[in-house]
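Residue strings, one per chain:
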Amino acid sequence: MISVRLAQKGDGQIILDMTRVLALHHGWPERVTATAEDFERHLFGDNPIINALIAMVDGQPAGAAIWHRSFSTNRGAEIAYLEDLTVLPDFRKRGVGKALMQAVARAVSERGIPAIWWQAEGWNENALKFYEGLGAEGHGNVVVWSLKGDELQKLGGEA
């Protein structure tokens, strides 16, 4: 049986493990520099910046959804940004992903947030089909950019 619950203090390691599985699936496990303590601090510290849901199947962690508040300038409204949706390989194709997405949708709707946005890798056909099956809308040729490390410092005038 699938159940979905809010992350609790002490779940940082579960979330980290899920993050590592997702990074491995995407082919970049070396990019994970987070620690369990990072998740604990950002979920349960004085100023939480993320929300997390844990899916359990028969008492075992099976998946997780991490989301945070964001803002759409086009809408002039708060939105939710789904950072990661992870289902462990042994639990895929069993309804875990859908249960997590339903729980995220409920959580953001209860807060009056009108939309959820996220990214999916174009090569990940299973994810694309899954999201389309939920009624989600893809937005074409979006290129994701990042600025970090020395280049971030240089642009900010600190290097």
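Predicted model only: the values in this text are computed from it and were never measured.

Reading guide: rules and limits
Residues numbered from 1 in each chain as written. Predicted model: local features only at pLDDT ≥ 70, side-chain atom pairs only at ≥ 80, totals over all residues. Heavy atoms only, no water. Salt bridge = Lys/Arg side-chain N within 4 Å of Asp/Glu carboxyl O. Helix = DSSP H or I, 4+ residues; strand = E, 2+ residues; numbered from the N terminus. Contact = heavy atoms within 4.5 Å. Buried < 20%, exposed > 50% of the residue type's maximum accessible area, 1.4 Å probe, protein only. Pairing = 2+ DSSP bridges.

### A short note on the pattern of salt bridges
Summed over the entire model, instances satisfying the criterion amount to three salt bridges. Residue arginine 5 pairs with aspartate 11 through a salt bridge whose shortest N-O separation is 2.6 Å. The salt bridge partner of arginine 41 is aspartate 38, with a shortest N-O separation of 2.8 Å. Highlighted residues: arginine 41 and aspartate 38, both in helix α2 (residues 36–44), separated by three residues, approximately one helical turn.

### A word on the environment of alanine 65
Note that alanine 65 resides in strand β3 (residues 60–72). In sequence terms alanine 65 and isoleucine 14 are 51 residues apart; their C-alpha atoms lie 12 Å from each other. Every residue in contact with alanine 65, bar those within four places of it in the chain, is listed here: Asn51, Ala52, Leu53, Leu82, Asp84, Leu85, Leu100 and Val104.

### Side note on unusual backbone geometry
Non-glycine residue aspartate 58 carries a positive phi angle of around 50 degrees. Looking at where aspartate 58 falls in the secondary structure, it is placed in the loop between β2 (51–57) and β3. Backbone geometry places lysine 93, a non-glycine residue, at a positive phi of 65 degrees. On the accessibility criterion, lysine 93 (78% relative accessible area) is exposed.

### Regarding the pairing of β2
Most of β2 is tucked away: six of the seven residues are buried. Both strand β1 (residues 2–6) and β2 contribute to a ladder of five bridges, which runs antiparallel. Opposite valine 4, over in β2, you have alanine 55 as the bridge partner. Relative to β3, β2 runs antiparallel, the two sharing seven bridges. The partner of leucine 53 across the bridge, within β3, is alanine 65.

Any functional reading would require information beyond the geometric quantities listed.
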